[in-house]
Amino acid sequence: MKFSIMRDRLLDGLNDVMKAVSSKTTIPILTGIKIDISSEGMTLTGSDADITIQTFIPVEEDGKEIVQVKEPGSIVLQARMFNEIIRKLPTNEVVVEVSEQLQTRIQSGKSDFHLIGSDASEYPLLPDISADRQITLPADLLKTIIRETVFAVSTTESRPVLTGVKWEIKDNSLVCIATDSHRLAQRKVTLEQLPSEEMNVVIPGKSLTELSKILSDSPHPVDIFMTNQQVLFKTPDVLFFSRLLEGNYPDTSRLIPEESSTIVTINGKALLQGIDRASLLAREDRNNVVRFSTIDSGTVEISSNSPEIGKVEEEIQIDSFEGEELKISFSAKYMMDALKAIDGQEVVIQFTGAMRPFTIRSIHDDAILQLILPVRTY
């Protein structure tokens, strides 16, 4: 196997596939990156058995030659080492040659590295995914959906299924739900084309976070294929596979209150900044709790009290108020995460009492719903 490649383009590809490579894997060959060279170009694959990322670099792009193939073939090279070598090479042209016993020579300018490779036939095959359970979303929308939900997944392994985001397709829409049992984030999207059957999968939050780093901020389509064990996100030059989480995701529809006793409409950005200031004192306290009290039809009070440090009170103007007076306490962090997901728009907050979950929505768009359970303070 022998080829030369532009270093900057190879680094772009490595940046993508390195996101899937873990040093903690129990399968030794997965600490490596698989390189396949064919007459069409170069394919790089990285995996940790949960996530697999494959990227393709064509022989030429926009009329510019990227890869020169002298002899096709495959090799697996130690990922961290290969990445560091390519990053530090002196010129933009890299020549890679594999001789007998998988000895791999990497040359650039006056630099000459020799690495010992592994046999590519030992590298696990990619999962086989059929095309009948497919939806397509623009990359920028997919990135937004991930940002608006993934922060609410559970970070503890006590209930593994809650470390993922549930994606459910029914009634011509996709509903994405994340919860750690103290809060919930939900995003709905109307689909233009539907798969052949209804689907319900749980995608690990970690996988979605890594996918989000690879996706562009453009409306380029991303094809999404689902099976019972795997999901594949496919862009023109990247394949991103993730295993799915097993187990029954709890029915969260019962958590969302049907009616409310207090409705407050408020500027989301002003509320976020007020809670951020109040949490300065709450942060020292283990549970990071702030209080929210309705004062009259025009203002609410945000306050926090830490016995060792002091207290803070701040009044914030509201746009409208309906229903009963209310005092409620909640985690400042959860509220700030929820408001960031709604992204500084005007929000409507619906309460059903001081000890019941409350919901936050944008007044312009009911596709996003955030729900938070209050904290008991006596």
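Everything below is about the structure printed above this text.
These figures come from a predicted structure and were not determined experimentally. (Residues numbered from 1 in each chain as written. Predicted model: local features only at pLDDT ≥ 70, side-chain atom pairs only at ≥ 80, totals over all residues. Heavy atoms only, no water.)

Within the chain one finds six helices and 28 strands. Viewed in the frame of its principal axes, the chain has a C-alpha envelope of about 80 × 50 × 40 Å. Residue burial in the chain is summarised as follows: out of 378 residues, 53% are buried. At a minimum sequence separation of 6, the contacts of the chain that also span at least 24 residues come to 66%. Carbon and sulfur atoms make up 47% of the accessible area of the chain, which totals about 18500 Å². Across the chain, the centroid of the 39 positively charged side chains sits 5 Å from that of the 56 negatively charged ones. (Helix = DSSP H or I, 4+ residues; strand = E, 2+ residues; numbered from the N terminus. Buried < 20%, exposed > 50% of the residue type's maximum accessible area, 1.4 Å probe, protein only. Contact = heavy atoms within 4.5 Å. Areas by Shrake-Rupley, 256 points an atom, 1.4 Å probe, with all protein chains shown as cover. Lys, Arg positive; Asp, Glu negative; His and termini not counted. Charge placed at Lys NZ, Arg CZ, Asp CG, Glu CD.)

Turning our attention to empty space enclosed by the protein. For the structure on display, the rule yields one cavity of 30 Å³ or more. Of the volumes computed, that of the largest cavity is approximately 30 Å³. If you go around the largest cavity, the residues you meet are Leu211, Ile214, Leu215, Phe233, Thr235, Val238 and Phe240. Among the secondary structure elements, those contributing two or more residues to the lining of the largest cavity are α4 (205-214) and β19 (238-243). (1 Å grid on protein atoms, 1.4 Å probe; cavity = no way out; pocket = protein on both sides within 12 Å on 5 of 7 lines; lining within 4 Å. Points joined across faces, edges and corners; volume = space filled by probe spheres on them.)

Turning our attention to the sheet that holds β19. Taken in spatial order, the eight strands make up an open sheet running β8-β2-β3-β4-β19-β18-β17-β12, and their pairing is antiparallel. Single-partner strands in this sheet number two, and they are β8 (73-78) and β12 (134-138). The sheet shows a mean angle of 15° between the axes of neighbouring strands, direction not considered. Note that strand β17 (residues 221-226) and strand β18 (residues 230-234) share four bridges and pair antiparallel. Residue pairing across strands places Met226 opposite Val231, the latter belonging to β18. Lying on the sheet, helix α1 (residues 7-18) is in contact with β2 (32-38), β3 (41-47), β4 (51-58) and β19; it crosses β4 at an angle near 165°. Along the sheet face, α4 touches β4, β18 and β19 and points at about 170° away from the line of β19. (Pairing = 2+ DSSP bridges. Axes fitted to C-alpha atoms, helices over the stretch in contact; angles between N-to-C directions.)

Relative to the helices and strands, Gly32 resides in strand β2. Separated by 64 residues in the primary sequence, Gly32 and Val96 have C-alpha atoms spaced 16 Å apart. Ignoring any residue separated from it by four or fewer positions in sequence, one finds Gly32 in contact with Val21, Thr45, Val76, Leu77, Gln78, Ala79 and Tyr123.

A word on the packing of helix α5 (residues 268-282) against helix α6 (residues 332-342). In the contact formed by α5 and α6, the axes pass within 10 Å of each other and the chain directions differ by 155°. By the angle between their axes, α5 is roughly antiparallel relative to α6. Considering the relative orientation of α5 and α6, their crossing is left-handed. For the pair α5 and α6, contact is made by Gly268, Leu271, Leu272, Ile275, Asp276 and Ser279 and by Ala332, Met335, Met336, Leu339 and Lys340, respectively. When grouped by side-chain class, the residues that make up the contact of α5 with α6 number seven nonpolar, two polar and two charged. (Parallel < 35°, antiparallel > 145°, perpendicular 65-115°, else oblique. Left-handed = near helix turned anticlockwise from the far one by under 90°. Nonpolar A, V, L, I, M, F, W, Y, C, P; charged D, E, K, R; others polar.)

Any two packed helices are characterised by the angle at which their axes cross and by the distance between the axes. Where α1 contacts helix α2 (residues 79-88), the two axes come as close as 10 Å, and the packing angle between them is 150°. With respect to α2, the axis of α1 lies roughly antiparallel. As α1 runs across α2, the sense of the crossing is left-handed. For the pair formed by α1 and α2, the contact residues are Arg7, Leu10, Leu11, Leu14, Asn15 and Met18 on the first element and Ala79, Arg80, Phe82, Asn83, Ile86 and Arg87 on the second. A breakdown of the residues in the contact of α1 with α2 according to their chemical character gives seven nonpolar, two polar and three charged.

Nothing here speaks to function; it is all geometry.
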